[in-house]
Amino acid sequence: MNSAATRYDDTARATWRDFYELGKPKVVALIVFTAVVGMFLAVPGLPPMNALVFGTLGIGLAASSAAAINHVVDRSFDQKMARTMLRPIPTGHLTTVQALAYAAVLCVASMTMLRLLVNPLTAVLTFASLIGYAVLYTVWLKHITPQNIVIGGAAGAAPPVLGWTAVTGHADPYALLLFLIIFAWTPPHFWALAIARREEYAKAGIPMLPVAYGVEFTRLHILLYTILLFIVTLLPWLTGMAGLAYLAAAVILGGQFLRHAIQLKRTDAPAHLPMGVFRYSITYLMLLFAALLVDHYLPRWP
């Protein structure tokens, strides 16, 4: 009996691990990290402790709520894909009612915290982001267009803006630069995974770009979006938001991303390379935002 079947038989009752997994903790950790960086970049010194603590918790809870809704909506597709078939709902560890109740509790807690302890704008924008990912992307865009990642990427790019507004109470053009970075990063990041899991997406009937237009077409667009990403990441320096330390990091990290994208574009690219690009893209975003954070507190050269 395979591992999936073995786990499926072990469904006596849900554990805290199942609820923890329902919130996609690794994805949420990256979301929260970019939001926290947005908080620190929003002020010259340190952000207010109240906004930092409750803003981080509220944004994290909202992201986990959206992830739980994603599990419910995608449950029939998750059963068909090796990458997702061991999630709590496909295995029977959690019911859809349990998952939705969990998502509702997280959503209410998040909105209450952000509205009462942070500010109304952050609560509204966070809720809009939750709806954008959990409903517009997961329910609709993901299944009707190969451009799902491009259009739906707006929801995933929102966390730095949410962090910024949590501290300042208003959006700022610099916050939108952070939004643009993640917005441009999302397609090459996710399309690399889509190439690696192309057969699974095709089996599930999800029209990801490599399923609808083929692997070569997707490789080309990964390269084009990586070039766009490289250009966008220069904007914080060009606008005076960041200094030379960030510029150096952006060029080095972006150059490495471009090298991966060029290698992936080659017809003789090894089969394991798409997953390598996917994994690097996660490290890339973390290091890029870490560079923004470090640079923010370094003295500027005259």
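The rules behind the values
- Residues numbered from 1 in each chain as written.
- Predicted model: local features only at pLDDT ≥ 70, side-chain atom pairs only at ≥ 80, totals over all residues.
- Heavy atoms only, no water.
- Helix = DSSP H or I, 4+ residues; strand = E, 2+ residues; numbered from the N terminus.
- Buried < 20%, exposed > 50% of the residue type's maximum accessible area, 1.4 Å probe, protein only.
- Polar contact = N/O pair within 3.5 Å; in protein donor to acceptor, adjacent residues only side chain to side chain.
- Contact = heavy atoms within 4.5 Å.
- pLDDT = per-residue confidence, 0-100.
- Patch = residues over 30% accessible without salt bridge, like charges linked within 9 Å, V, L, I, M, F, W, Y side chains within 5 Å.
- Areas by Shrake-Rupley, 256 points an atom, 1.4 Å probe, with all protein chains shown as cover.
- Salt bridge = Lys/Arg side-chain N within 4 Å of Asp/Glu carboxyl O.
- Axes fitted to C-alpha atoms, helices over the stretch in contact; angles between N-to-C directions.
- Parallel < 35°, antiparallel > 145°, perpendicular 65-115°, else oblique.
- Left-handed = near helix turned anticlockwise from the far one by under 90°.
- Nonpolar A, V, L, I, M, F, W, Y, C, P; charged D, E, K, R; others polar.
- Expected span 1.5 Å × (residues − 1).

> Give me the lowdown on the side chain of Lys-142, citing residues and values where you can.
With respect to the helices, strands and loops of the structure, Lys-142 is situated in helix 7 (residues 120–144). Under the relative-accessibility criterion, Lys-142 is labelled buried at 11%. Within polar-contact distance, the side chain of Lys-142 engages the side chain of Asp-74 at 2.5 Å. With near-sequence residues (within four places) excluded, Lys-142 lies in contact with Asp-74, Tyr-137, Asn-148, Ile-206 and Pro-207.

> Tell me about the confidence of the model for the chain, residues and numbers included.
When pLDDT is averaged along the chain, the result is 91, and 95% of the positions lie at 70 or above. Contacts from residues 1–12, a stretch scored under 50 in pLDDT, to residues over four places away or in other chains number 16 contacts.

> Tell me about a nonpolar patch on the surface, and please be specific about residues and values.
A cluster of nonpolar side chains, Phe-127, Ile-131, Val-135, Leu-136, Val-139, Trp-140 and Ile-144, forms an exposed patch at the surface whose accessible area comes to about 620 Å². For Val-139, a relative accessible area of 45% corresponds to the partly exposed category.

> Explain helix 9 (residues 159–168) to me, using residue names and the numbers behind them.
Of all ten residues in helix 9, nine are buried, a share of seventy percent or more. Looking only at helix 9, the buried set comprises Pro-159, Pro-160, Val-161, Leu-162, Gly-163, Trp-164, Thr-165, Ala-166 and Val-167. The inward-facing, buried residues of helix 9 contact helix 3 (25–41), helix 4 (49–73), helix 7, helix 8 (148–156), helix 10 (173–196) and helix 16 (273–296).

> Hey, could you go over the packing of helix 3 against helix 4 for me, with residue numbers and the actual values?
Two elements in contact, helix 3 and helix 4, have axes whose closest approach is 9 Å; the angle formed by their N-to-C orientations is 150°. Considering the angle they form, helix 3 stands roughly antiparallel to helix 4. Crossing hand, helix 3 versus helix 4: right-handed. Of helix 4, the residues touching helix 3 (which contributes Val-28, Ile-31, Val-32, Ala-35, Val-36, Met-39 and Phe-40) are Ala-51, Leu-52, Gly-55, Thr-56, Ile-59, Gly-60, Ala-63 and Ser-64. Classifying every residue of the contact of helix 3 with helix 4 gives eleven nonpolar, four polar and no charged.

> Help me get a handle on the pattern of salt bridges, residues and values and all.
Enumeration according to the criterion identifies four salt bridges in this entry. Across the pair Lys-142 and Asp-74 runs a salt bridge, and its minimum N-O distance is 2.5 Å. Of this pair, Lys-142 sits in helix 7 while Asp-74 sits in the loop between helix 4 and helix 5 (75–78), placing them 68 residues apart in sequence. As a salt-bridge pair, Arg-219 and Glu-216 come within 2.7 Å of each other at their nearest N and O atoms.

> Got a sec to walk through the environment of Gln-263? Specific residues and values, please.
Following the sequence through the fold, Gln-263 ends up in helix 15 (residues 244–265). Accessibility expressed as a relative area gives 28% for Gln-263, which makes it partly exposed. Placed 44 residues apart in sequence, Gln-263 and Arg-219 show a C-alpha to C-alpha distance of 9.6 Å.

> Kindly report on the packing of helix 7 against helix 8, identifying the contributing residues and their values.
Here helix 7 crosses helix 8 at 165°, and the two axes come no closer than 8 Å. Taken together, the axis directions place helix 7 and helix 8 in an arrangement best described as roughly antiparallel. The hand of the helix 7/helix 8 crossing is right-handed. In contact with Ser-129, Gly-132, Tyr-133, Tyr-137, Leu-141 and Lys-142 of helix 7, helix 8 contributes Asn-148, Ile-149, Ile-151, Gly-152 and Ala-155. Of the residues that constitute the contact of helix 7 with helix 8, the class distribution is six nonpolar, four polar and one charged.

> Help me get a handle on helix 13 (residues 215–232), residues and values and all.
Three- or four-residue spacings in an α-helix give side chains the same orientation, since the helix completes a turn every 3.6 residues. Its 18 residues place the ends of helix 13 25 Å apart at the C-alpha level, agreeing with the 26 Å of an ideal helix rising 1.5 Å per residue. Residues of helix 13 that are buried sit in contact with helix 8, helix 10, helix 12 (209–213), helix 14 (235–238), helix 15 and helix 16.

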